[in-house]
Amino acid sequence: MNRGSHLQLNGSILKVRSLADGDGTIVFADFRVTNTAMIPFVVNGVEMTMETPEGEVAKAVVFSKSDVEQATKYLKLLGPKYNDVLSIKDQLPPINTNDRMVAGRFPFPPKYFQQRKTLRLRIQEMDGIVAEITEIPAGK
């Protein structure tokens, strides 16, 4: 049996929060993801990209779980409770829906980030299977 042919994630971005960080923008994306397969989805990589107002793709530097945990000690933006950070080697159980968060930094100010066309999360499995979750901002 080809393990990869049966893996699938479905998801949606629930909430996007951002804040200024020097000349850049830190972005926190809460999302809900469902592993529809009968086997665990083991995360090998997580990427966050956005489509700029000009139609170009910009890639964020994604934070590790420990970096986000450090940041949330100081940032009231996230509040006292936030979703678990999706990181490498996390397992998404079979036939299960999970709420997760991913955080990254884009190299431009929040005002420019707010003008984005889309935000996309790309989650890659250990065997190379890729799932993409796309958010389209309201009013676009």
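Residues numbered from 1 in each chain as written. Predicted model: local features only at pLDDT ≥ 70, side-chain atom pairs only at ≥ 80, totals over all residues. Heavy atoms only, no water.

## Description of unusual backbone geometry
Item 1. Backbone geometry at Lys89 places phi at a positive 75°, although glycine is not the residue there.
Item 2. Tracing the backbone through its elements, the reader meets Lys89 in the loop between β6 (84–85) and β7 (91–92).
Item 3. For Ile95, which is not a glycine, the phi torsion comes out positive at approximately 45°.
Item 4. By secondary structure assignment, the location of Ile95 is in the loop between β7 and β8 (96–106).
Item 5. Judged by relative accessible area, Ile95 falls into the exposed class, the value being 52%. (Helix = DSSP H or I, 4+ residues; strand = E, 2+ residues; numbered from the N terminus. Buried < 20%, exposed > 50% of the residue type's maximum accessible area, 1.4 Å probe, protein only.)

## Focus on the pairing of strand β9 (residues 118–125)
Item 1. Bridging between strand β3 (residues 41–51) and β9 involves eight bridges; their strand directions are antiparallel. Among the inter-strand pairings, Met50 is bridged to a residue of β9, identified as Leu119.
Item 2. Looking at chain direction, β9 and strand β10 (residues 130–135) are connected through six bridges and run antiparallel. Of the residues in β10, the one forming a bridge with Arg120 is Thr134.
Item 3. The antiparallel hairpin formed by β9 and β10 contains four residues in its connecting segment, where Gly128 sits at a positive phi of about 95°. (Pairing = 2+ DSSP bridges.)

## What to know about the packing of aromatic side chains
Item 1. In the structure shown here, the tally under the stated rule is three aromatic pairs.
Item 2. When the ring of Phe106 is compared with that of Phe108, the centres are 5.6 Å apart and the planes differ by 20°; the resulting orientation is stacked.
Item 3. One aromatic cluster is present, formed by Phe106, Phe108, Tyr112 and Phe113 through successive ring pairs. (Phe/Tyr/Trp six-rings, centres within 6.5 Å; stacked < 30°, edge-to-face > 60°.)

## Brief notes about the pattern of salt bridges
Item 1. One pass over the structure, following the stated rule, counts nine salt bridges.
Item 2. With a shortest N-O distance of 3.0 Å, Arg105 and Asp23 are connected by a salt bridge. Separated by 82 residues along the polypeptide, Arg105 in strand β8 and Asp23 in the loop between β1 (9–21) and β2 (24–35) bring together distant segments of the chain.
Item 3. Asp23 gets classed as exposed once you look at its relative accessible area, which sits at 59%.
Item 4. For the salt bridge of Arg122 with Glu132, the shortest nitrogen-to-oxygen distance reads 3.8 Å. A residue pair is termed long-range when its members are at least 10 positions apart, and Arg122 in strand β9 and Glu132 in strand β10 qualify at ten residues.
Item 5. Salt bridges here are not isolated pairs; linked through shared partners, they connect Asp21, Asp23 and Arg105. (Salt bridge = Lys/Arg side-chain N within 4 Å of Asp/Glu carboxyl O.)

Take it as geometry only, folks, not as evidence of what the structure does.
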